[in-house]
Amino acid sequence: MIKFFLMVNKQGQTRLSKYYEHMEINKRALLETEVIKSCLSRSNEQCSFIEYKDFKLIYRQYAALFIVVGVNDTENEMAIYEFIHNFVEVLDAYFSRVSELDIMFNLDKVHIILDEMVLNGCIVETNRARILAPLLILDKMSES
């Protein structure tokens, strides 16, 4: 089960965070700081899976952005690694070459995409067309 989803830039600034388990705000900030430090300090040759406290961190770097997913011990690391890639492909399909600025200025749409893919910490959808369908309908409604 996914515990949290973070999108962070190389400077360590959180661009998106989504938690699937209740956690107090001050604990979230501390967790994000520690997680970001542990991911940013690793080299490209090191594995993208990290054992951290009572869960695992799976991360991928895309240009200047790191996507970090915290999962419980029973989750399949490779499935989450592919989920991250699928998430970025969906963002690319919607924004046509997604950038950090797209995420910053369209955070609501990024959350809609993530919510279509993950429900209560479980991956429920991976099909790109079905994930983007609600957003495309919203876009058509806003145009008219």
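Given the structure is predicted, the values throughout are model-derived calculations rather than measurements. (Residues numbered from 1 in each chain as written. Predicted model: local features only at pLDDT ≥ 70, side-chain atom pairs only at ≥ 80, totals over all residues. Heavy atoms only, no water.)

Visitor: I'd love a proper account of the side chain of Lys3, names of residues and values included.
Guide: The topology assignment puts Lys3 in strand β1 (residues 2-9). Apart from residues lying up to four places away in sequence, Lys3 is in contact with Lys18, Tyr19, Tyr20, Glu21, Asp54, Phe55, Gly70, Val71 and Asn72. (Helix = DSSP H or I, 4+ residues; strand = E, 2+ residues; numbered from the N terminus. Contact = heavy atoms within 4.5 Å.)

Visitor: Before we move on, can you summarise helix α4 (residues 107-117) with the specific residues and values?
Guide: Taken together, the buried positions of α4 are occupied by Val110, Ile113, Leu114 and Met117. Axial view of α4: buried residues confined to an arc of 95°, hence all on one face. (Buried < 20%, exposed > 50% of the residue type's maximum accessible area, 1.4 Å probe, protein only. Arc of directions from axis to C-beta.)

Visitor: Give a description of the environment of Arg15 that names residues and reports values.
Guide: Relative to the helices and strands, Arg15 resides in strand β2 (residues 14-19). Between the C-alpha atom of Arg15 and that of Asp108, which follows or precedes it by 93 residues, the distance is 12 Å. Look past the residues within four positions of Arg15 in its chain and what remains in contact with it is Met7, Val8, Asn9, Leu65, Glu100, Ile103, Met104 and Leu107. At a separation of 2.9 Å, a polar atom in the side chain of Arg15 contacts the side chain of Gln13. Separated by 2.7 Å, the side chains of Arg15 and Glu100 make a polar contact. (Polar contact = N/O pair within 3.5 Å; in protein donor to acceptor, adjacent residues only side chain to side chain.)

Visitor: Before we move on, can you summarise a nonpolar patch on the surface with the specific residues and values?
Guide: A contiguous nonpolar surface patch, about 330 Å² in accessible area, is contributed by Leu101, Met104 and Phe105. When you line up the elements, Phe105 lands in helix α3 (residues 100-105). (Patch = residues over 30% accessible without salt bridge, like charges linked within 9 Å, V, L, I, M, F, W, Y side chains within 5 Å. Areas by Shrake-Rupley, 256 points an atom, 1.4 Å probe, with all protein chains shown as cover. Salt bridge = Lys/Arg side-chain N within 4 Å of Asp/Glu carboxyl O.)

Visitor: Explain the packing of aromatic side chains to me, using residue names and the numbers behind them.
Guide: This structure, assessed with the given rule, holds 8 aromatic pairs. The interplanar angle of 75° and the centroid separation of 5.0 Å between the aromatic rings of Phe5 and Phe87 together place this pair among those described as edge-to-face. Residue Phe5 is found in strand β1, and its partner Phe87 is found in helix α2 (residues 77-95); the two are separated by 82 residues along the sequence. Residue classification places Phe87 among the buried positions, given a relative accessible area of 0%. Between the aromatic rings of Tyr94 and Phe95, the centroid separation amounts to 4.9 Å while the plane-to-plane angle is 85°, which identifies the pairing as edge-to-face. As far as the burial class goes, Tyr94 and Phe95 line up, both buried. (Phe/Tyr/Trp six-rings, centres within 6.5 Å; stacked < 30°, edge-to-face > 60°.)

Visitor: If you had to explain the sheet that holds β1 to someone new, which residues and values would you point to?
Guide: In sheet architecture, strand pairing relies on hydrogen bonds along the backbone and comes in two forms, parallel and antiparallel. Within the open sheet, the 5 strands sit side by side as β2-β1-β5-β4-β3. Their pairing is antiparallel. Strands at the two margins of the open sheet, each flanked by one partner only, are β2 and β3 (49-52). The average undirected angle you get between the axes of adjacent strands in this sheet is 15°. Seen against the sheet, α4 touches β1 and β2 and runs at an angle of roughly 35° to β2. (Pairing = 2+ DSSP bridges. Axes fitted to C-alpha atoms, helices over the stretch in contact; angles between N-to-C directions.)

Visitor: Help me get a handle on the pattern of salt bridges, residues and values and all.
Guide: With the rule as written, the count across this model stands at 8 salt bridges. The residue Glu34 makes a salt bridge to Lys53 at a minimum N-O spacing of 3.3 Å. With Glu34 in helix α1 (residues 25-40) and Lys53 in the loop between β3 and β4 (55-62), this pair connects stretches of sequence that are 19 residues apart. Since its relative accessible area comes to 28%, Glu34 is described here as partly exposed. Two residues, Glu89 and Arg128, come together in a salt bridge whose shortest N-O distance is 3.5 Å.

Visitor: Could you give an account of helix α5 (residues 128-143), naming the residues involved and the relevant values?
Guide: Note on helix geometry: an α-helix contains 3.6 residues per turn, so any two residues three or four positions apart are oriented the same way. The end-to-end C-alpha separation of α5 is 22 Å, in line with the 22 Å expected for 16 residues at 1.5 Å each. Maximal helix bending in α5 amounts to about 30°, located at Pro134. All of the buried residues in α5 are Ile131, Leu132, Leu135 and Asp139. Looking at the packing, one finds that the buried side of α5 touches α2 and α4. If you check the start of α5, you find a side-chain oxygen 2.9 Å away from the backbone N of Ala129, and it comes from Asn127. (Expected span 1.5 Å × (residues − 1). Bend = angle between axes of the 7 residues up to and from the residue.)

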